[in-house]
There are 2 protein chains.
Amino acid sequence: MNMDFRILRVDLTNKTFKEEVIEEDLVKKYLGGRGLGAYLALKEIPKGADPLGPENKLYFFSGPLSGIATMSSSRFTVVGKSPLTGSYTHSNAGGNFSYWLRFSGFDGIVIEGMSDKPVYLAIIDGKYELKDASKIWGQWTGSATRMILKENGFPEDETKAGVAVIGPAGENLVKFAGIRASDYERFAGRGGLGAVMGSKKLKGIIVYGKRNLLNTVIDREKFFKANSKVLEKIIKQDTTKTLHAYGTNVLMQIVNSMGALPAMNFTTTMNTEKISGEYIKSNYVVATHGCHDCPIACTQMAMVTTGPFKVSGEEIKYEYESTWTIGPNIGLNQPEPVLKLQKIANELGLDIISLGNTLATTVELAKKGKLKLDVDWGDAAVFQDLAYKIAYREGIGNELAEGDYALAMKYNEPNAFQGARGQGLPAYDPRVFKGFAIAYYTANRGGDHLEAYAPTWELFGVPEKTDPLDESEAGIEKEVKIVKWNQDIFAVVDSAVFCKFENLLPNVDTEQDFADLLNAAFGWNMSQEDIAKIGERIFNVERLFHVKEGKWVKDELAPRMREPVSSGPAKGNTASKMFDEGIKRYYELRGWIDGKPTKETLERLGLEEFESLVS
Amino acid sequence: MNMDFRILRVDLTNKTFKEEVIEEDLVKKYLGGRGLGAYLALKEIPKGADPLGPENKLYFFSGPLSGIATMSSSRFTVVGKSPLTGSYTHSNAGGNFSYWLRFSGFDGIVIEGMSDKPVYLAIIDGKYELKDASKIWGQWTGSATRMILKENGFPEDETKAGVAVIGPAGENLVKFAGIRASDYERFAGRGGLGAVMGSKKLKGIIVYGKRNLLNTVIDREKFFKANSKVLEKIIKQDTTKTLHAYGTNVLMQIVNSMGALPAMNFTTTMNTEKISGEYIKSNYVVATHGCHDCPIACTQMAMVTTGPFKVSGEEIKYEYESTWTIGPNIGLNQPEPVLKLQKIANELGLDIISLGNTLATTVELAKKGKLKLDVDWGDAAVFQDLAYKIAYREGIGNELAEGDYALAMKYNEPNAFQGARGQGLPAYDPRVFKGFAIAYYTANRGGDHLEAYAPTWELFGVPEKTDPLDESEAGIEKEVKIVKWNQDIFAVVDSAVFCKFENLLPNVDTEQDFADLLNAAFGWNMSQEDIAKIGERIFNVERLFHVKEGKWVKDELAPRMREPVSSGPAKGNTASKMFDEGIKRYYELRGWIDGKPTKETLERLGLEEFESLVS
C-alpha cells in the first residue's frame, strides 16, 4: 500500500464517528504516533483549551511500521493537552494494543468532545460503537479491562484484544492519572492523560480485528531483509540479554554505583541492594513476558505472597523507574512495600513516576511543617493510604492529586519540586548524568528520560564512551549534540512506532534502518537525512504547542539541581554549568531563540504553516 | 412538657419537609428511639419494599430521656429495612448526635423517598434544609464529617454539632455499610443502613441547636432524685471503672479464658494477649473520651505511629467486638494490623462486625477452593485490600459487598456463614455462652449481642451467677428467662434512649428506675410492669415486621453451632441442646407459635391493630 494513515474520529459529545484518511504526504512528514499526534494536536486543540474540557482531544496513534512484523514495534502513543502541565504532552505504552488497533482497521483514534455518561469505545473488525460503561465506571484498571474483554466476547486474557482503560484516578481527574493499556499492566502513564479520558467519561477502548497489514507491504523481499538486519542488531546487543534477564531494573545497581540514583526527593542516596533487578528477580519474579513479536521480552512480573505487603494472587509489573520513584525517591529500599505500592498505583490508574514525585514533595513539605501530615521517608503504610486518597481525591488526597509542581508552588517551596515543565523527574540524577541536565529540561513533555537518553553513551559507552561529568567546552558540546540527535531520532522511534529498546544503541545507521524499512514497505524513497529531518520536525512541532500556549517555552533548571549532590560517589556535583552553558549551544544547534524556533528553522523543516506562531 | 415526640419528615424525592408531632399516647406505648421507629416502620414501609428503593424509610430517633441530664443517655437509633437481611433492622450509636438532634428542635427524623442528586440534611436551630452534597460525595467518613461541619460554620471538631455520614461503602450500596455518627468514629453499624442512605443519595445529616430540654421537665426535684439514684448505681458498678480504664476490649482476655472467643470463623481459638484491652491500652491508646454527660467514658482512641501498619496522625476508635471480628475471627492476633484495618473500615464506612464476618466467610470459601482467591487466615495485607475492594465494589469486592450470608448461599456452603437472620455474629461463642444460643437466634435484627446480654449473669455473676454451660431443664429455663427479660428491658433502653452500659447490671429495679425518671419528667404514672410491657410490646412489633414480610420468622441455629467447639477450655460444647429445647420454652414464654406472636399475645400487649398479620 501507499501509507494512508486511517483514523477514526469519535465525537463523544454527539456520539458520532468520522473515518478519515491522512494523506501520504503528511504521513511522510510525521509518520504516525507521536509525530502525527503532535501535528494534529497543534492544529486542532484551541489555544487556552481546558485540558479537562470538551475542547481537548486525545490522539491514540499507532505508526506505519507497527504490526507489520517489525520486531519491537508494538507500541502506541497518546497525545493531548496535559492537565498536569497545562500544555502539550505525549505518552506511550507497549503491549499489544498498537497491533490490535491496526488489525481493527485503524491506525489511530481521535477522541473529541465529552460524553455526559460513562462510555467505552469498541472497535472490532472495522466496526465501531460507543458502549455504556456505567457498570464498569468505578472499577480499577485490572477488572475494568477484564469486564470490557468479557462484555465483547473475549476470554479474560489481556493478550486476546487491545484494551486501554482508566482507573478511579482518571475518573476522579487526578492530574497524574495514567492510561493502563493492553496486557500486563503497561501504562501510558506520564502527563495525566488518564484524567483527560476521565473528564470525557471515556472509561476505555477495546480494539480487535484481523486486518492483514503485511499484505500491503510493497516490496516484501527488501522489507524482510531490512527487518532481519534490525533483528540481528537487537539480538547482538548486550542489553537484549540483560533486559530479558532482569528487566529495566537491571539499572538500579549500576546507576546507584555512580551516585546517580537520587533518594528522598534528590537530597541523598541510599542502599538499593534489595530492590535491585537481580534481587527482585531471584526472590519475587514469577514470569517474564514480551510484547508482540519482540525478541527482547523485558517484562518482569513479580509476586509478593506473604507478609504485611502481600498482594493476593496477582502478578505485579514493575520497572526500574517505578521501583525508584516509589522506592529510594520516597525513602523505601525494601522490595515488598515497593511492589505492593506499585500494584496499588497500577490498579488505581496512577502514573507511578508522578505518584512517587508527589509523595516525595509531600514528605519534604510535611517535614518542613508546611503540609500538616505525619509522614516520613520510608513510611510505606502511609504511602499506601495516600495512594488511595489521591486516587479518590479523599481528604488530603484532593490536594496531592494536583501533583508535585502544584503542591510545591502552593506552599511556596519551589525547591521541593524536582522536575521540568511542571512534571516530575525520573530515576537519574542530572547532576551526575549530565546529559539529562540538558535532556530533562528541554524535553517537550518535561522531565523526561525518553525524549533523549544520553546514558547510552555515558553508561554503556555506545557508540562511544562519554564522561557524563566532563564539563569542558568539548564535553558540553558533545552532550548537547548527543541530546539533540537523540531527541530527533527518538521522535522518529515514537512515530514509526518502535520501542526504544530496539534502538537503545544509537548506531550511526539508525536513520538508515528506518529509511530502509519505510522505503521497502511503502515504496518511498527516503534518505537517512530525511529521517533525521522528520525527527527534528516533530520535535519542533511539539515545541510550537508550548509557544502557542505561551507556556513552558523557556527551558529552566529546577533549583535543587544547582545545589551539590550531598552524598555518594558523585558528591559535590551540580547541573548548573552543563545546563547554563549547554542550553545556549543547544538553542544554536536547534535554531531557536529563548526556547522558540526561529522563522528560518520552521522554513528549513517545512513548517511554514506555523510561522505566525513565532513572528 | 407532656412528651410530644417531634419528628421531621424529609421527602427526598420532592425535597419537601413535614413537621409532625407524635401524640403522647403513642409515646407512652413506644417511648421513642427503637420502639417508635419499629412501630412506624411496621406501619409505613410497604411489604416487599426494596430496601434500596424509594419506599424504604429511615428513622433517626432519639428518645424522651436523651439530653435531659440523664447520664449515658446520649444515644440514638436508626430503624429501617435492612439491605443485608431484607427485613427489619435497628442500629444505634452514642456520641453527641442524639443530644444535638434534640437540641435542634426535633426528637426524630424520618427520611423518605430518594434524591436524584447527592444531598445532606442540615437541621440547625429548628431550621432545616437539604444542601448540595456533590462535592462531599465520595469522601470518606472523617473528611465528609469535617466538610459538613465547615460548610455550616462550625469548627472542624466533631463534638461541636451532631453529624452522621456515610462513606464510599454506603454510596456504593455495600450491603453492610454503616452510618458513622457523631464524634470519635461511632457507628450505627449493623444492618447496612448506610447503604440505604446511599441509595437515597443522602450523604449525611448535621444537627445543632440550643433548645432547652430541661426546662420542660415537670417535676424537677423528683427527676433529679431519680437521676441521682441511677448515677450512684453506675458509679458503684465495677464495670464503670474497667470500661473507663480499658474500654469494651477489657473483655478479650476474660472471654478467651473461657474458650468462648471464636477464631477463624468459629473453627478454633487463639492467643489474644497482644490484642487485649490491657495490652492495647498500654501500648497504643492515646486518649479516652466519653459521650455527653457520661460518667463512664469508655471510648479508647489508639494510634499506630510506626511500622507497616502505621496510620498517619489519626486516632483510631476500637472496641472489643471490632478487635475480635477483624482479629481472631479472621486469624489475626497482632494489634497493629487490627487497628489499621479498623481505621480503614471506619473511614470507608463499613460495619466492622459484618466486614469481619464477611472476610471470615471469604477465607473459608477460598480455602475450600470455592472462591478463587489467594487468602489465608491472618493475611492482614489482603484483608486491607479487600476492605477497599468491598467499599468500592471493585472486582471480587463486588461479590463480597453482598455480605457473608449471600456468599455462603451462593457457594452452597451454609456452614461458612455464622449468623442469624442473614446477619453475622459478634464476639461470643454461643456454644459456650449458651444464653446467646437463644439470644443471637431470636434477636430481631439477627445475630445480635445487644438485644439481650446474658454474659452479665454468666460472666459477671450479676445479679446472680449463672453457669452458661448448664443444660439441665432448670439451666435452660433460667437462660430463656434471662434472655426474654433482657430483650424486653433492652428494647426500653434503646427507646428511652439510654446506653446499655448504664444498665449493664440488670438490677431488679431497672424497670422502676425508668418509671421514676419518666414519671418525674413527663407527669406520667407508670409502674415497673408498664415499663416491662413497653419492652415486650416493642420486641413483638419488631417481630411483626418479619411476619409481615414473610421473612426470617422462624428462629434457626446456624449449622456450625451444632458442631462441637474444637479447641480451648470449652472444647466439645455445642449450642444444639440449649437452642432446640430453649426455643420451645422461649416461644411459650413469649406467647408465640413458630416464631410468630399469637392473637392473644398481641391483644395482651395492646397491639390489636396488627392482628391481621398473624391471622
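Residues numbered from 1 in each chain as written. Chains lettered and ligands numbered in written order. Predicted model: local features only at pLDDT ≥ 70, side-chain atom pairs only at ≥ 80, totals over all residues. Heavy atoms only, no water.

### Describing the overall build of chain A
Applicable threshold: Helix and strand labels come from DSSP, where a helix needs a run of H or I of at least four residues and a strand needs a run of E of at least two; each type is numbered from the N terminus. Each residue's exposure class comes from its accessible area (1.4 Å probe, protein chains only) as a fraction of the maximum for that residue type: buried when under 20%, exposed when over 50%, partly exposed otherwise. Pairs of residues are marked as contacts when any of their non-hydrogen atoms sit within 4.5 Å. Residue-level accessible areas treat just the shown protein chains as cover; the underlying method is Shrake-Rupley with a 1.4 Å probe. For the purpose of charge, His is not counted, nor are the chain termini; Lys and Arg are scored as positive and Asp and Glu as negative. The atom standing in for a charge is NZ when the residue is Lys, CZ when it is Arg, CG when it is Asp and CD when it is Glu.
Across its full length, chain A holds 23 helices and 19 strands. Its C-alpha atoms give chain A principal-axis dimensions of roughly 60 × 60 × 50 Å. Every one of the 615 residues in chain A was classed for burial, and the buried ones make up 68%. Pairs at least 24 apart in sequence give 70% of the contacts found in chain A among residues at least 6 apart. Accessible surface for chain A amounts to roughly 18,800 Å². Of this, 50% is attributable to carbon and sulfur atoms. Taking the 74 positively charged and 82 negatively charged side chains of chain A as two groups, their mean positions are separated by 2 Å.

### Structural notes on the interface of chain A and chain B
It is common to give the size of an interface as the accessible area lost on bringing the parts into contact. The line we're drawing: Buried area, as used here, totals the accessible surface that two parts lose on assembly, with accessibility defined by a 1.4 Å probe and the loss added over both. Salt-bridge detection follows one rule: a side-chain nitrogen of Lys or Arg within 4 Å of a carboxyl oxygen of Asp or Glu. Polar contact criterion, stated in full: a pair of N or O atoms within 3.5 Å, where within protein one must be able to donate a hydrogen and the other to accept it, and residues adjacent in sequence count only if both atoms are side-chain atoms.
Each partner contributes residues to the interface: chain A has 27 residues there, and chain B has 27 residues. When chain A packs against chain B, close to 2,300 Å² is buried across both sides, 47% of that on carbon and sulfur atoms. Area buried by chain A at its contact with chain B is led by Trp140, Lys310 and Glu394 of chain A, which between them contribute 24% of it. In this assembly, chain A and chain B are joined by eight salt bridges. Inspection of the chain A/chain B interface yields 17 residue pairs in polar contact (both at pLDDT 80 or more). Of all elements in the fold, only helix H12 (335-348) and helix H14 (380-391) of chain A reach the threshold of two or more residues within the side of chain A that touches chain B. With six residues, H14 of chain A is the largest single contributor of residues to the side of chain A that touches chain B.

### Side note on the side chain of glutamate 479 of chain A
All names here are of chain A. With respect to the element layout, glutamate 479 can be found in helix H19 (residues 473-496). For the buried glutamate 479, which has no salt bridge, the nearest side chain bearing the opposite charge is lysine 478, at an N-O separation of 8.2 Å. The residues contacting glutamate 479, other than those within four sequence positions of it, are Lys434, Gly435, Ala454, Glu458, Thr466, Asp467, Pro468 and Met578.

### Observations regarding the domain arrangement of chain A
Residue and element names in this part refer to chain A. Put simply, the rule reads: Domain start and stop points were drawn from an automatic or database domain assignment.
Taken domain by domain, chain A consists of domain 1 (5-216), domain 2 (245-420) and domain 3 (436-506 + 527-613). Its C-alpha centre places domain 1 at a distance of 26 Å from the equivalent point of domain 2. Taken residue by residue, the interface counts 33 residues in domain 1 and 34 residues in domain 2. Overall, the association of domain 1 and domain 2 removes approximately 2,700 Å² of surface from exposure, summing both partners, and the carbon and sulfur fraction of that is 53%.

### Things to note about the sheet that holds strand S13 (residues 285-289) of chain B
Across a sheet, paired strands are connected by hydrogen bonds in the backbone, their directions being either parallel or antiparallel. Residue and element names in this part refer to chain B. Here is the rule: Here, a strand pair is defined by DSSP locating no fewer than two bridges between the strands.
With antiparallel pairing, three strands are arranged side by side in an open sheet as S13-S14-S15. Among the strands making up the open sheet, the edge pair consists of S13 and strand S15 (316-317). As defined by bridge partners, S13 adjoins strand S14 (residues 299-302) across four bridges and the pair is classed as antiparallel. From the neighbouring strand, histidine 289 faces S14, where its bridge partner is threonine 299.

### Notes on the pairing of strand S4 (residues 76-81) of chain B
All names here are of chain B. For S4, a buried count of six out of six residues is recorded, marking the element as mostly surrounded by other parts of the structure. Of the two faces of S4, the one lined by Phe76, Val78 and Gly80 and the one lined by Thr77, Val79 and Lys81 are each fully buried. Here six bridges tie S4 to strand S5 (residues 88-93), and the two strands are oriented antiparallel to one another. Residue pairing in the sheet places threonine 77 in a bridge with asparagine 92 of S5.

### Considerations on the nonpolar core
Our working definition: Only buried Ala, Val, Leu, Ile, Met, Phe, Trp, Tyr and Cys residues count toward a nonpolar core, and they belong to the same one when joined by side-chain atoms within 4.5 Å.
Phe60 of chain A together with Phe60 of chain B are the most contacted members of the largest nonpolar core, which has 410 residues in total. Filtering out sequence-adjacent residues up to four positions away, phenylalanine 60 of chain B remains in contact with Phe76, Thr77, Val78, Leu101, Asp107, Gly108, Ile109, Ile111, Ala164, Ile179, Met197 and Ile205 of chain B.

### Examining the relation of the copies chain A and chain B
Our working definition: Only residues with pLDDT of at least 70 in both copies contribute their C-alpha atoms to the least-squares superposition of the copies.
Relative to chain B, chain A is turned by 180° and slid 0.0 Å along the rotation axis, the superposed coordinates differing by an RMSD of 0.0 Å. Expressed as a symmetry operation, the mapping of one chain copy onto the other fits a two-fold axis. Within chain A, proline 308 of chain A has its C-alpha nearest the rotation axis, a separation of 3.4 Å.

### Quick look at the sheet that holds strand S3 (residues 58-61) of chain A
All names here are of chain A. This is how the line gets drawn: Geometry is summarised by axes, namely lines fitted to C-alpha atoms with helices restricted to the contacting stretch, and by angles between N-to-C directions that run from 0 to 180 degrees.
Taken together, the six strands give an open sheet; going across it, the order is S2-S1-S6-S3-S4-S5, and neighbouring strands pair in mixed fashion. This sheet does not close on itself; its edge strands, each paired only once, are strand S2 (16-22) and strand S5 (88-93). For this sheet the average axis-to-axis angle between neighbouring strands, irrespective of direction, equals 20°. As paired elements, S3 and strand S6 (residues 108-112) share four bridges and run antiparallel to each other.

### Overview of the packing of H19 of chain A against helix H20 (residues 510-522) of chain A
All names here are of chain A. For clarity, the threshold we go by: Angular relationships are summarised with four words: roughly parallel below 35 degrees, roughly antiparallel beyond 145, roughly perpendicular across 65 to 115, and oblique for the angles in between. Definitions for this section: a left-handed crossing has its near helix turned counterclockwise from the far helix by less than a right angle. A right-handed crossing has that turn clockwise. Residue polarity follows a fixed list, in which Ala, Val, Leu, Ile, Met, Phe, Trp, Tyr, Cys and Pro are nonpolar, Asp, Glu, Lys and Arg are charged, and the others, Gly among them, are polar.
Relative orientation of the contacting elements H19 and H20 amounts to 25°, with a least axis distance of 11 Å. If you check the angle between H19 and H20, you find them roughly parallel. Relative to H20, H19 is oriented so that their crossing is left-handed. For the pair H19 and H20, contact is made by Trp485, Ile489, Val492, Val493 and Ala496 and by Thr510, Glu511 and Phe514, respectively. Residues belonging to the contact of H19 with H20 are distributed by class as follows: six nonpolar, one polar and one charged.

### Observations regarding unusual backbone geometry
The omega angle of the peptide bond from alanine 496 of chain A to valine 497 of chain A is -10°, so this bond is cis rather than trans. With respect to the helices, strands and loops of the structure, valine 497 of chain A is situated in the loop between H19 and H20. Although it is not a glycine, aspartate 293 of chain B adopts a positive phi angle of roughly 65°. Looking at the element boundaries, aspartate 293 of chain B is found in the loop between S13 and S14. Here aspartate 293 of chain B falls in the partly exposed class, since its relative accessible area comes to 39%. One non-glycine residue with positive phi stands out, namely tryptophan 552 of chain B, at about 60°.

### Re the packing of aromatic side chains
What counts is decided by this rule: Stacked, tilted and edge-to-face are the three classes assigned to paired rings of Phe, Tyr and Trp, where Trp is represented by its six-membered ring and a pair needs centres within 6.5 Å; plane angles under 30 degrees give stacked, over 60 edge-to-face, the rest tilted. In this scheme, Lys NZ or Arg CZ marks a charge over a ring once it lies within 6 Å of the ring centre and within 35 degrees of the ring normal.
Summed over all chains, the structure comprises 68 aromatic pairs over all chains. Aromatic pair tyrosine 428 of chain A and phenylalanine 433 of chain A: ring centres 5.8 Å apart, planes at 75°, arrangement edge-to-face. The interplanar angle of 40° and the centroid separation of 4.9 Å between the aromatic rings of phenylalanine 17 of chain B and tyrosine 128 of chain B together place this pair among those described as tilted. In this pair, phenylalanine 17 of chain B is assigned in strand S2 (residues 16-22) and tyrosine 128 of chain B in strand S8 (residues 127-132), connecting sequence segments 111 residues apart. Positioned above the aromatic ring of phenylalanine 106 of chain B, the side-chain terminus of arginine 6 of chain B is 5.0 Å from the ring centre. Above the ring of phenylalanine 545 of chain B, the side-chain terminus of lysine 548 of chain B is found at 5.8 Å from the ring centroid.

### Topic: the environment of threonine 239 of chain A
All names here are of chain A. As for its placement among the helices and strands, threonine 239 is situated in helix H8 (residues 238-246). When its relative accessible area of 9% is taken as the criterion, threonine 239 is described as buried. Remark: the alpha-carbon pair of threonine 239 and phenylalanine 501, spanning 262 residues in sequence, is separated by 8.2 Å. Polar contacts involving the side chain of threonine 239 include one to the side chain of glutamine 237, which spans 3.2 Å.

### Digging into helix H2 (residues 33-44) of chain B
Note the threshold: The span one expects for a helix is its residue count, reduced by one, times 1.5 Å.
End to end, H2 of chain B covers 16 Å across 12 residues, agreeing with the expected 16 Å (1.5 Å per residue, within 8%). Across the 12 residues that make up H2 of chain B, a large majority, 10, are buried.

### Section: the packing of helix H13 (residues 352-367) of chain B against helix H14 (residues 380-391) of chain B
All names here are of chain B. Packing of H13 against H14 leaves a shortest axis separation of 11 Å and a crossing angle of 115°. Taken as axis vectors, H13 and H14 run roughly perpendicular relative to one another. For the pair H13 and H14, the sense of crossing is right-handed. Of H14, the residues touching H13 (which contributes Leu355, Leu359 and Val363) are Phe383, Leu386, Ala387 and Ile390.

### Things to note about the pattern of salt bridges
Residue and element names in this part refer to chain A. Under the definition given, this model contains 113 salt bridges over all chains. Salt-bridge contacts for aspartate 376 lead to lysine 367; the nearest nitrogen and oxygen are separated by 2.7 Å. Take lysine 367: its relative accessible area is 47%, and that puts it in the partly exposed class. Arginine 590 serves as the salt-bridge partner of aspartate 488, at 2.9 Å between the closest nitrogen and oxygen.

### Some points on the environment of threonine 325 of chain A
All names here are of chain A. Here threonine 325 shows up in helix H11 (residues 320-325). Taking the C-alpha atoms as reference points, threonine 325 and leucine 355, separated by 30 residues in sequence, lie 7.7 Å from one another. Dropping the residues within four chain positions of it, threonine 325 is found in contact with Ile330, Ile352, Ile353, Gly356 and Asn357. Within the structure, threonine 325 has its side chain in polar contact with the backbone oxygen of isoleucine 353 (distance 2.9 Å).

### Comments concerning H8 of chain A
Residue and element names in this part refer to chain A. To keep it simple, the criterion reads: Starting at the helix axis, one direction is taken to each C-beta atom, and the arc is that of these directions.
Among the residues of H8, Thr239, Thr240 and Leu243 are the ones counted as buried. The buried residues of H8 occupy one face: seen down the axis, they fall within an arc of 105°. H8 presents Asp238 and Lys241 as exposed residues on the side facing more than 90 degrees away from its buried surface. Each element contacted by the buried residues of H8 is listed here: helix H7 (220-236) and strand S14 (299-302). One or two residues past the end of H8 sits glycine 247, with phi positive at roughly 75°.

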